[in-house]
Each structure stands twice: as structure tokens, then as C-alpha cells.
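# Commentary on secondary and tertiary structure
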Amino acid sequence: MSRPEPAAEPVREVVRRLTAGGVDVVRVQYPDLIGVDRSRDVLVERLPAVAAHGLSFCRAIYHTSPQGDVVDVAGGLDAGLPDICVRPDLSTLAVLPWEPGVASCLADAYEPGGGLCPEGPRDVLRRAVARMGEVGLEPVAGPELEYFLCEPDDSSPTGWRRYGDAPGNVYSSGLKGDPGNHLLRTLRHLRDLGLGVTMGNHEFGGGQFEINLDHSGALDAADRAFRFKSAVQEIARAQGLLATFMAKPFNDEGGSGFHVHLSCLDGDGRNAFEGDGEHGLSETAHQAVAGVLEHAPALAALLNPTVNSYKRFGPDTLAPWLVDWGLDNRSAMVRIPPERGAGSRLEVRLGDASANPYLGIAGLLAAVYLGVREKSAVPPPLEGYGYDATKAPVLPGGLTAALDALEADEALTEVLGAGFVSAFLAYKRDEVARFRRHVTDWEFREYAYHL
């Protein structure tokens, strides 16, 4: 079910409340195109002015690579690096449990003329939610995110090694696979931040963890997933550790996923996927699955958005490789969990943890909307173990193919917004070009001695 919208609180009352609680700084955060946390710390007494007038940021922050390079995306370099105005959403204020005296809130980015920036991830998702409303559906999402924790290692080429690395600590908790009690400390901080965390455990790989988030309305779920990733990274940094949501950081371990449990409420507040049709699901649920399958190649660009993402795919990886769906089948791209009735839902297993949660969820909603609008027919579900390319189409094998699929998917582009898609494609194609020019360690090891 959706969380109720909090009533607006006058900003001066917010300042008094924060000051009385010992908070003197508010961190105003917003996501860039790839989901990186961009922010500015504001002294609490200046919050009324910031709420009234916003904060100026260079628009090119949306187009800046992880290495600090400004990518030539329309509206940035070509326009002389103009400003955007970032306005705090005070309904999202929360005190940071691990940083005394600091609260944080989310923000939205506006054009100088007053409209929201087309590539702003929160607004991309809002537009997709609105389109779902056109077919009488209110989306509900439950994100699941995995990550690796690393500790410093001067002898490693990267400077890091997996934390608490030992084989076989699969789906465990306690000191055996977590000698520094990272999970308990992080769970408690995230609970106190109000992110709706429910539980966590050591995952499959050495140094890998998963923490589950409760379900809620799609925008709230994405907000919490974004803050979750930022918080986990900050909590790790405070301990001198590195938490990475990179899709596949190690050759000898599997990758980290971003699975989304998705359902929809109808106009009466009932689960629209609940029904007495085939497989115990409604016609709407089947149409939703069909939409996700039909647009899966384009969705890969949003849910698997890095060059590294496609090294997580392949047969027998427990990550999707084919465009298929199954009933309680974890080898399928879309899994239908066994619960029925009010618990009916899709688990879309396509995404990896590097995805921007706003864009990944927005893409899924756009695909579901199109499937329901077009009353799309779903193929038969996968029987048995997947990874048989004779039974279903193969997902894009690399980022370039996924970007081409996104550009070619005119229906999905129309729902997400042409301005956003154009900016995303330009940014990501620059990433591919930079990678192709870079000489990797593998190439040197493979060729230098013998050739």
C-alpha cells in the first residue's frame, strides 16, 4: 500500500524543530543521471531562504562522469554551462543517525524558467506514475539491493579486498561472515533514518550483503532506495570501508542485483494483479508481464546501465540472460512469487545494483503501462531451469546494444520523455567510447609478453 503524504510543515517550524533537536545543518540531496548523490550542506538558519529561492547548481552536474569529466549533452556545454535551481522537498527531512547535528532531505531540479528538468530522475519517475494512472493503476514497488563491502589492501591492484572474505557464508548473519558487525550497525542506522528496512543478511558472495526494503508507492520506494545506497556508502566510509553497488566488481564472484517486486492498486485500492485467471493472476497481471518482456531490451539500458553490467549476465549466473518469465522460478527474468491474492506481484530480476532506482523503476512502469494499454498477450511461462537460448530471446549482450534498443523503442521513449532519453543516450554512449579507448589490465596481461 502507498504511504500517506505528510502534511506540509511551515519552514520556520521545521527550523525550530530541528534546532531543538540539536540539528544545525541540512544536507540537500538529489540524484544525477546515474543515481549518484549530489548535495549541498545548508546551515539550518538559512533553510527558509533556500526553501524560498532554491540552490543554484551547474546543470552539467547531470552530465558529469564518475571521473569528473563533463560529457557533451545538450543543454550543458553547448549552452554555456547554465544553472538549474534545486529546491528542497522538506517532507523528506530525516536526521542522520551516524552524523550528529545533520539532517538530510531530497530535492528536485528546475529549469530557470520554472519547469522541472527533463532529465531529473525523480520527475522521470513521476511522469511514469502519472501514465499508469491513465489505465487506472497505482504502482507499488519493493526494492531489493545487494552490495559488496571492501576493506583497504595496499597489495591489491585496486587498493581493496573483500571484507570478511571466506567461502560458504551464504544467507547467514552474525560474526561468522561479518567480523566487524557491519550488518547490525547498518540495519540500525537505516531503521533510525526511516527508510523502511525490514531485514538483511550476508549474501552469496564473500563480503556481499543484502538489505531488504518494505514496499510502498513507486516514488517513495525509489526515494528510499536512493537514500539507502547513499547511506550504506556513508556508513561504510565512516569505518574506513568501501561499499560498492557496482554490478560485478570481482572476476571470481557473482554480481549484485537490484530486484524490484512490483504490484498495482486499482481504483478501489485492491491489488490489480489478484485474480482467478490462469496461474491465479488477473488479466492485468498477464498484460504487465507481457509489457516487461516486450520492452526488456530497452529496459536493460536503464536497469543494467554500465559497461560492467553485462559481465554479470550469462548462463548459470543466477542473473537473467534471457527474456522470459516463470512461476516461482529464479532462473527467469520475471519471477512470479508463490503468494496470491493481495500478495500477487511480479519480481523483475533484470536489474543490477548500479542502476539508478528512479530510472529503473520508471522504465518498468512505462513497460507495464504499455502492456496494459495495448492488452498485450504473454507467452507461456518458463518450465524448469532457464538459460536455454532455444526457448527465449537473449537479452542485449552489452551496453551499446541496450542503448540501441532503448533508442529504437519509440513507445517507451514517449512515456519516459524524449528529453530525458536523449540526454541519457548521449551520456552513456560517451561512457562506452571512453571505455573502448582505455587499455585494460586484461589486455596487457594477455598480449604484452608474447606479442
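If you look the protein up in an unreviewed UniProt entry, it shows as Glutamate--ammonia ligase from Actinomadura verrucosospora. UniProt's Sequence similarities (unreviewed entry) comment on the protein is quoted here verbatim: "Belongs to the glutamine synthetase family."

## Regarding the packing of helix H4 (residues 182-193) against helix H5 (residues 218-238)
Two numbers describe how H4 lies on H5: the axes approach to 11 Å, and their chain directions differ by 135 degrees. Taken together, the axes of H4 and H5 lie oblique to each other. Viewed along their axes, H4 and H5 form a crossing whose handedness is right-handed. Here Thr-186, His-189, Leu-190 and Leu-193 of H4 come into contact with H5, specifically with Phe-228, Ala-231, Val-232 and Ile-235.

## Looking at the side chain of Asp-178
Locating Asp-178 in the fold gives a position in the loop between strand S7 (160-162) and H4. Arg-185 is the oppositely charged side chain nearest to the buried, salt-bridge-free Asp-178, at an N-O distance of 6.4 Å. At a separation of 2.3 Å, a polar atom in the side chain of Asp-178 contacts the side chain of Tyr-163. Residues within four places of Asp-178 in sequence aside, it is in contact with Tyr-163, Leu-183, Leu-184 and Phe-209.

## Remarks on a nonpolar patch on the surface
On the surface, a nonpolar cluster with roughly 540 Å² of combined accessible area is contributed by Val-170, Tyr-171, Phe-204, Leu-318 and Tyr-385. With respect to the helices and strands, the residue Phe-204 is situated in the loop between strand S8 (197-202) and strand S9 (208-213).

## Quick look at the confidence of the model for the protein
For the protein, per-residue confidence averages 94 on the pLDDT scale, and 98% of positions sit at 70 or higher. Low pLDDT, under 50, characterises residues 1-6; the stretch is placed with 14 contacts to residues that sit more than four places away or in other chains.

## So, the pattern of salt bridges
A full pass over the atoms with the stated rule returns 31 salt bridges. For Glu-99, the salt bridge identified is with Arg-27, shortest N-O distance 3.1 Å. With Glu-99 in the loop between strand S4 (83-95) and strand S5 (102-110) and Arg-27 in strand S1 (residues 25-31), this pair connects stretches of sequence that are 72 residues apart. The exposure class of Glu-99 is partly exposed, given its relative accessible area of 23%. A residue is classified by how much of its surface remains accessible, and Arg-27, at 13% relative accessible area, is buried. Linking Asp-165 and Arg-162 is a salt bridge whose minimum nitrogen-to-oxygen distance equals 3.2 Å.

Conventions used here
- Counting restarts for each chain: residues are numbered from 1 in the order of the written sequence.
- Given that the model is predicted, a residue must reach a pLDDT of at least 70 before its local features are reported, and side-chain atom pairs must reach 80 or more before they are shown or counted; all residues, however, enter totals for whole chains, interfaces and linings.
- Excluded from the side-chain calculation are hydrogens and water; included are all heavy atoms of the structure.
- UniProt positions are given in the numbering used here, feature names are shortened, and annotations may be inferred rather than shown by experiment.
- Whenever a helix is involved, its axis is fitted only over the stretch in contact; in every case the axis is a line through C-alpha atoms, and angles between N-to-C directions fall within 0 to 180 degrees.
- Elements are defined by DSSP. Helices are runs of H or I of four residues or more, strands are runs of E of two residues or more, and each kind is numbered from the N terminus.
- When an angle is under 35 degrees it counts as roughly parallel; over 145 it counts as roughly antiparallel; between 65 and 115 it counts as roughly perpendicular; any other value is oblique.
- Crossing handedness is read from the near helix: turned anticlockwise from the far helix by less than a right angle, it gives a left-handed crossing, and turned clockwise, a right-handed one.
- By definition in these notes, contact holds between two residues if any of their heavy atoms fall within 4.5 Å.
- Exposure classes here rest on a 1.4 Å probe applied to the protein chains alone. A residue is buried below 20% of its type maximum, exposed above 50%, and partly exposed in between.
- For the purpose of counting charges, residues Lys and Arg are taken to be positive, whereas Asp and Glu are taken to be negative. His and the chain ends are not included.
- A pairing counts as a salt bridge when a side-chain nitrogen of Lys or Arg comes within 4 Å of a carboxyl oxygen of Asp or Glu.
- Between N or O atoms, a polar contact is any pair within 3.5 Å; within protein, one atom must be a potential hydrogen donor and the other a potential acceptor, and residues adjacent in sequence are included only when both atoms are from side chains.
- Here, patches come from residues exposed beyond 30% relative accessible area and free of salt bridges, joined within 9 Å for like charges and within 5 Å for nonpolar side chains (Val, Leu, Ile, Met, Phe, Trp, Tyr).
- Surface accessibility in these figures is a Shrake-Rupley result with a 1.4 Å probe; residues are shielded only by whichever protein chains are displayed.
- Confidence of the predictor in every single residue is expressed as pLDDT, which spans 0 to 100.

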